[in-house]
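Below, each chain spelled out in residue letters.
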Amino acid sequence: MPKQTFKIEGFHGGLNTNADPRDISEIQSSDIKDVKITNLGRIKTLGRTSLNNSLSNSISLLNNKGLFVMDSDRKVSNNALSNESLIIVYDDGGNSFDVKDSGGWSTAEISLDTNDPVFYSSDGILRIGDGSFSQSGKWYGYIPNRYFNSLRADSSAIDNWISLNQDINSPTLGKCLISNPEVGSDSNGVNSSASEYIGNVIDVSGDDVAVPNAVNLRVGVQYSANYPSAASNYTTSNSTDSDSSTIYPLLNDQTVTIAEQTSGTYDYVSVARSVDNNVSEDQSMITGFYITTAEWNDLDKVEIQLTDGSEFMYNVFPKSDIKPDCWNLLVSSITNLDRGGASGEGISAWDLRVYDNITGSVGFSVAGPVVATNPGLEGFQEGLYSFHYSFLYDDEKQESLPFAFADVDSVNFSKVNVLGGSILFNFDAYINTFADPSGSYSFNKRIVGSRLYYKLEENDSFYLIGELDFIDKGFKWFPEGNDLAYSMVNTSNASGNFLSKSCIIKGISPDSANIIDTFKNINGFDTQVKSLVCRYKTAVVHGRRCYVGNIKKDDVVHSDRMIKSRVNKFDTFPSDMGVVDVAIRDGESIVKLEAFADRILQFKQKSLYIINVAENIDFLEDVYRNKGCEFSYHVVKTDYGITWFNKFGLYLFDGKSVNNLLEKDNIKLIDESDWETFITDGGDDTDMSSAHIGYVPNRRQILVKNENTELLIYDLLLRSWTKTGTNHIAILDSKMTNFTLDSNQNLFYISGNSSFIQTWDPTSSYSYDFKYTTKDIDFGQPSVRKKIHKVYITYKTNATTDVLVKYDTNGHTDYNLLFANGTNFTSNELVYDSGNANKWITAELKPNTSSEANNINSFALQFTSDGTVPATFEINDITIVYRIKNVK
C-alpha cells in the first residue's frame, strides 16, 4: 500500500477523559495541561497570574472570602469625581474593610467584625451584611455637604464617604407641644416675641419643651380672633380661678385654671365672659378645655352656652367624649348647637359650665374661646389626635416606621381631642441636629428628611401632614411634590443653648386635612409591621429590589426563607412582606442567591430552585436536584448565564435550562470520577471549601481552582476543557480571597499577609507542566497493521523549547518510545533555531527503531516539558506519514 498522511490541524476540542483515547475526536486530547486551545488551529501555552508589587496592602485576609468590587463615579481617596471600580477587601485583623481606587488604598473605611461578609451594591452604594447574624450590616456611600446648607443645623463637615449602619431605624426622640405660637414676653418658656420657643427650654436631660438631636413639633389651632385667657377676663361662679404655671397655653401665653371651691353646693362651675362675634355656617367658636384623670373621675358633663341677648344656643359634651390629660377642643357651630331661640348672629356672651357628679368637686383649665373658620368636611374631624414622625434615608427616601412624639412632661401631653365639629390645625417644626450645642452634627448622615403624620385614636391609618426636606430646606405637602410650601429658617434664639443649633418651619397651615396620603399607601406597608430590619447570609439586586436569603428576621432565623426589599429601597424589608418560601424544612439552607433573565437562582447545598420574578407574583419555575452548591463563592455570573459547581459537575443556567458543562451534546467530556477527584483534591478537600470559580470575560472562559491550585478551564465559546499544573495560581502565605473582576474586567484575587493583588493574565506564559497528548490514532482502520514512517511538526519559538516529543502504540500510555535525531529535533526535543526565531519551522521526526513503529494498530504522540517551555512556543499542525500494510 502507498504511504498516506494523517494531519492534525485543530486542537480546540480540548480535554476528554471520559471516552477511550482511540474514540475521541482528533481535535481532542486525552491528556492536556498548560495548553491554550482558543486558537482553533494552534497550540499555545496558557496564561498565569501576575503580581503587582505596587498594589500591596498589609492586612490579615479572611480566607476564601471578603473581596468585592463596586462601580462608582467618585474616588474614595480624595472624593474627586472619577469613573472608578472600587476594590473592597476585609481586614480580619482590624475587623474592618479597606477600599482601593485609582488613587490607592484607604484603610479601615468600614468597621464591621464578621467572619462572613455578604456584599451587594446599587446606585454607587455598598451594603455589607454580617452572615453570622450577630450585628447590623453596614451602608457605605458618598454623602455631599448638602443638609441644611447655610442654616445653623448645617452638616458642613460631611462631604465624604461614610460608613453607617444599614438599618432603617425610626426616631427615638422628639416632643410635641399642644400650643399656639403666640407672641409672649416670657424669658424662659414657649413663646417669644418671634412666636417661638425661647430661653433654656432644651437641656441635656431632655425634660423640657423640646429635645436635642430630634425633630420637635408644636401643634396649634388656626383661628381669626382670640379672646385672651387672662383670669381677669372671666367671671366665675362658685370657684377659684388662677393663672397656671404648670400647663402650657393652648391659645396664648396664659391658661386659666378653674377649681371648684366647695363640694356639693352647686352641680356645676360656670365660667363666663363677654365676646363680640357670631357663629354661622362659615364660622365656629373653639374653647380649650383641660382636665386631669383624677378630676375627670368626678366629671359629669361639659356645656357651652352662647347667648344673643336673652336667647341662647348650647352644646353638651358628655364625660365619655371628654379625654383627660390632654387639651379638648370644644367646637361650637351652627351645625351642632341646640337652639334656645337665638339666630346665631351677634353672639355677645360665652358661658362654659362644668358639671360634677355631686359627690366630688371638679378642677379644670380653660383657654379661649377663639373664633375660627368652619372648615366643615375638609377640616380635621372629631376625634383624639396623636402626632408622629419618621425619618427618610438616602436619595431613595427609604422611610422608617413612625415614632410617636413624646409628651412634653407629666402635664403637657402630646395629644389633642377635637369635639363638636371640625377645625384646622397649624404646625411648627423644630429640627435640632445636634446632641450637644458645642459638638458636631449628630443626625444619622443618611437621613435626608422627615415626614409628619397625624393619627386618630379609632383609626389605624397614619395620615400625612407633610414632608420636611433637609436638602432643599423646606416643607412640602406631598411626597412626590417638587415645590416647597414653606422654607426653613434659623430660630431667633442664639444664646448658646440647643435652640441656637436649630432650624424651624413656622406656621404650617393646611387648608384641609389630608385623608388621602397615608403611611401605607406611600410605602406599600403599614405601621403595624414589626420591623424593617433583616439579617442575611446572601443577597442579590435584581429589578430594583434586593433579594436576601437565609435570614434572621424579628429575632427568628429562617434558613430556607428569601425576602425581597421594596422597589428602589434596598434596605427596607418589612416583616411578613415580600417573603418567598419555595421549600422549607427540607434539611437544607440557602447558600447563595443569583439573578439572571428575570429569574432568581436559589442555591441550597443539594438543590437549586429557579424562581420567576418577571411578574408581580414570584413563583417557583423549576427545581433541580443534586445541582446545589456548598459555598457562596462556588457561583459566578457570566455573559452566558450563571455558572457554579459541586462534586457532580460544573453547571450553566442560560435563562432557559441548566446544562452540565462536563458534557457536550449529551456526551460526557470529563469523567465524573475525574471531576470529583479534581474538585476535592483527591479527598484532601472533601467539602470543597478551598475550591473557587472565576470568569474571564475577554476570553469567555471559566476557571475552577482546587485546593492544590490546579485549574480546570472551560471555554464557553468552544465548549471544551483544558487544565493546568499547580503553578499558575500563586497563593502567598496560604491565604487567598474569592475571585472577582477589576475595572478592566480582569479576573483577580488578593493573596498573602502583604495582600498582593494577583491578576489572571490569559496571555501565553512559560510552563513547567506543558503536556499535549493526541488521540490514540488508528487511521480509521483499527484492526489493520500500519507502519509509521515520519512525523512532521510545524512550530515556532524564540527560545529553547524544552519540549520533549515521544510516542506510544496500540493504546499503551507509557510514552517511552523515542524518535531519532532529525531535522529541528535533537535529544528528543524540538530545536530552537535562533535564525528563525518566531518563525514557523518544521521538525522531521523518525521512530528511533523501525520495529517499534512497525506492525502497529494505533499510534499516539505526547508533547511534554523538559524544563521551561517558553511563552512563545506554538504548534500549528502535526502530520503523520504512515503506510497501511496488506491484510493477510
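For the structure, see preceding data.
Let me sum up the structure you'll find in this document. (Residues numbered from 1 in each chain as written. Predicted model: local features only at pLDDT ≥ 70, side-chain atom pairs only at ≥ 80, totals over all residues. Heavy atoms only, no water.)

Observations concerning the overall build of the protein chain
Line of reasoning, step 1. Per the secondary structure count, the protein chain includes three helices and 70 strands.
Line of reasoning, step 2. In terms of overall dimensions, the protein chain has C-alpha extents of about 145 × 50 × 40 Å along its principal axes.
Line of reasoning, step 3. Looking at the 888 residues of the protein chain, the share that counts as buried comes to 57%.
Line of reasoning, step 4. Considering only residue pairs separated by 6 or more positions, the protein chain has 67% of its internal contacts joining residues 24 or more positions apart.
Line of reasoning, step 5. The positive charge centre, built from 77 side chains, and the negative charge centre, built from 114, are 14 Å apart in the protein chain. (Helix = DSSP H or I, 4+ residues; strand = E, 2+ residues; numbered from the N terminus. Buried < 20%, exposed > 50% of the residue type's maximum accessible area, 1.4 Å probe, protein only. Contact = heavy atoms within 4.5 Å. Lys, Arg positive; Asp, Glu negative; His and termini not counted. Charge placed at Lys NZ, Arg CZ, Asp CG, Glu CD.)

Some details on the nonpolar core
Line of reasoning, step 1. Counting 73 residues, the largest nonpolar core has Phe148, Phe387, Phe425, Ile431 and Leu468 as the members making the most contacts within it.
Line of reasoning, step 2. Listed in part, the 61 residues of the second largest apolar core include Val791, Ala853, Phe859 and Ile880. (Core = buried A, V, L, I, M, F, W, Y, C linked by side-chain atoms within 4.5 Å.)

Observations concerning the layout of surface pockets
Line of reasoning, step 1. As a volume, the largest pocket reaches approximately 1,500 Å³.
Line of reasoning, step 2. Mapped onto the lining of the largest pocket, the elements with two or more residues apiece are β8 (67-74), β12 (117-122), β41 (535-542), β45 (590-596), β49 (635-637), β55 (692-696) and β59 (740-741).
Line of reasoning, step 3. Broken down by class, the residue content of the lining of the largest pocket amounts to 24 nonpolar, 14 polar and 10 charged. (1 Å grid on protein atoms, 1.4 Å probe; cavity = no way out; pocket = protein on both sides within 12 Å on 5 of 7 lines; lining within 4 Å. Points joined across faces, edges and corners; volume = space filled by probe spheres on them. Nonpolar A, V, L, I, M, F, W, Y, C, P; charged D, E, K, R; others polar.)

Describing the state of the cysteines
Line of reasoning, step 1. If you walk through the whole model with that rule in mind, you get zero disulfides.
Line of reasoning, step 2. For the unlinked cysteine Cys326, the closest cysteine sulfur is that of Cys176, found at 11 Å. (Disulfide = S-S within 2.5 Å.)

Things to note about the pattern of salt bridges
Line of reasoning, step 1. According to the stated counting rule, one finds 30 salt bridges in the structure shown.
Line of reasoning, step 2. Arg544 is the partner of Asp123 in a salt bridge, and the nearest nitrogen-oxygen pair spans 2.7 Å. In this pair, Asp123 sits in the loop between β12 and β13 (125-130) while Arg544 sits in the loop between β41 and β42 (545-553), placing the two residues 421 residues apart along the sequence.
Line of reasoning, step 3. With a shortest N-O distance of 2.6 Å, Asp394 and Arg446 are connected by a salt bridge. Within this pair, whereas Asp394 is found in the loop between β30 (383-393) and β31 (398-399), its partner Arg446 is found in the loop between β34 (425-432) and β35 (447-456), the two being separated by 52 residues in sequence. Across this residue pair, the class does not change: Asp394 and Arg446 are buried.
Line of reasoning, step 4. Here the salt bridges share partners, and the residues they tie into one network are Lys397, Glu399, Arg451, Glu467 and Lys476. (Salt bridge = Lys/Arg side-chain N within 4 Å of Asp/Glu carboxyl O.)

Focus on the packing of aromatic side chains
Line of reasoning, step 1. For the coordinates displayed, the defined rule picks out 50 aromatic pairs.
Line of reasoning, step 2. Ring centres of Phe819 and Phe825 lie 6.2 Å apart, and the angle between their planes is 90 degrees; this geometry places the pair in the edge-to-face category. Taken as a pair, Phe819 and Phe825 share a single burial class, namely buried.
Line of reasoning, step 3. By the ring-pair criterion, three or more aromatic residues cluster together here, those being Tyr147, Phe148, Tyr389, Phe391, Phe403, Phe405, Phe434, Tyr441, Phe443 and Phe470.
Line of reasoning, step 4. Sitting above the plane of the Tyr355 ring, Lys301 keeps its charged end 4.6 Å from the centroid.
Line of reasoning, step 5. Directly above the ring of Phe133 sits Lys537, whose terminal nitrogen or CZ lies 4.8 Å from the centroid. (Phe/Tyr/Trp six-rings, centres within 6.5 Å; stacked < 30°, edge-to-face > 60°. Lys NZ or Arg CZ within 6 Å of the ring centre and 35° of its normal.)

Thoughts on the pairing of β41
Line of reasoning, step 1. Extensive coverage of β41 is indicated by the burial of six of its eight residues.
Line of reasoning, step 2. Where β41 meets β42, seven bridges bridge the pair, whose relative direction is antiparallel. Looking at the pairing, Val540 lines up with Tyr547 of β42. (Pairing = 2+ DSSP bridges.)

Observations concerning the sheet that holds strand β48 (residues 619-625)
Line of reasoning, step 1. Pairing is antiparallel across the open sheet formed by four strands, whose spatial order is β45-β46-β47-β48. Looking at strand neighbours, the two that pair on one side only are β45 and β48, the edges of this open sheet. Ignoring which end each strand starts from, the neighbouring axes of this sheet average 20 degrees apart.
Line of reasoning, step 2. Across six bridges, the pairing between strand β47 (residues 607-612) and β48 is antiparallel. What sits directly across from Tyr609, in β48, is Val623. (Axes fitted to C-alpha atoms, helices over the stretch in contact; angles between N-to-C directions.)

A closer look at the side chain of Lys36
Line of reasoning, step 1. With respect to the secondary-structure elements, Lys36 resides in strand β5 (residues 35-36).
Line of reasoning, step 2. At 3.1 Å, the side chain of Lys36 and the side chain of Ser764 are in polar contact.
Line of reasoning, step 3. What Lys36 contacts, discounting residues up to four positions off in sequence, is Arg42, Ile43, Lys44, Thr45, Leu46, Arg699, Pro762, Thr763 and Ser764. (Polar contact = N/O pair within 3.5 Å; in protein donor to acceptor, adjacent residues only side chain to side chain.)

Remarks on unusual backbone geometry
Line of reasoning, step 1. Residue Pro369 follows Gly368 across a cis peptide bond; omega there is 10 degrees.
Line of reasoning, step 2. The topology assignment puts Pro369 in strand β29 (residues 363-373).
Line of reasoning, step 3. Phi at Lys397 is positive, roughly 55 degrees, even though this residue is not glycine.
Line of reasoning, step 4. Tracing the sequence through the fold places Lys397 in the loop between β30 and β31.

Considering a negative patch on the surface
Line of reasoning, step 1. On the surface, Glu630, Asp684, Asp687 and Glu707 cluster together to form a negatively charged patch.
Line of reasoning, step 2. Summarising the element assignment, Glu707 is placed in the loop between β56 (701-705) and β57 (711-715).
Line of reasoning, step 3. Residue Glu707 is classed as partly exposed on the basis of its relative accessible area of 32%. (Patch = residues over 30% accessible without salt bridge, like charges linked within 9 Å, V, L, I, M, F, W, Y side chains within 5 Å. Areas by Shrake-Rupley, 256 points an atom, 1.4 Å probe, with all protein chains shown as cover.)

Some remarks on the sheet that holds β57
Line of reasoning, step 1. Spatially, the four strands line up as an open sheet ordered β55-β56-β57-β58, and their pairing is antiparallel. Each end of this open sheet is capped by a strand with a single partner; those strands are β55 and β58 (720-723). Neighbouring strand axes in the sheet, compared pairwise and without regard to direction, differ in orientation by 20 degrees on average.
Line of reasoning, step 2. One ladder, built from five bridges, connects β55 with β56; its direction is antiparallel. Across the sheet, the residue bridging to Val696 is Gln701, located in β56.

Side note on the environment of Phe596
Line of reasoning, step 1. Locating Phe596 in the fold gives a position in strand β45.
Line of reasoning, step 2. Remark: the alpha-carbon pair of Phe596 and Arg719, spanning 123 residues in sequence, is separated by 21 Å.

Here's the deal with helix α3 (residues 672-679)
Line of reasoning, step 1. What α3 keeps buried is the set Trp675, Phe678 and Ile679. On an axial view of α3, the arc spanned by its buried residues comes to 90 degrees, and they lie on one face.
Line of reasoning, step 2. Buried residues along α3 sit against β50 (642-646), β51 (649-653), β56, β57 and β58.
Line of reasoning, step 3. Looking one or two places after α3, you find Asp681, whose phi comes out positive at around 55 degrees. (Arc of directions from axis to C-beta.)

Quick notes on the environment of Thr797
Line of reasoning, step 1. For Thr797, the location among the structural elements is in the loop between β63 (786-796) and β64 (803-809).
Line of reasoning, step 2. In the structure, Thr797 is positioned 731 residues away from Gly66 in sequence and 41 Å away in space, judged by C-alpha atoms.
Line of reasoning, step 3. Here Ala799 takes part through its backbone oxygen, which lies 2.8 Å from a polar atom of the side chain of Thr797.

Some remarks on the environment of Asp167
Line of reasoning, step 1. Inspection of the secondary structure puts Asp167 in the loop between β15 (160-165) and β16 (176-178).
Line of reasoning, step 2. Judged by relative accessible area, which is 12%, Asp167 ranks as buried.
Line of reasoning, step 3. It is 9.7 Å that separates the C-alpha atoms of Asp167 and Phe573, two residues lying 406 residues apart in sequence.
Line of reasoning, step 4. Once residues within four sequence positions are removed from consideration, Asp167 is found in contact with Ser136, Tyr393, Arg446, Val533 and Arg535.

Keep in mind that these numbers describe shape and distance, not what the molecule does.
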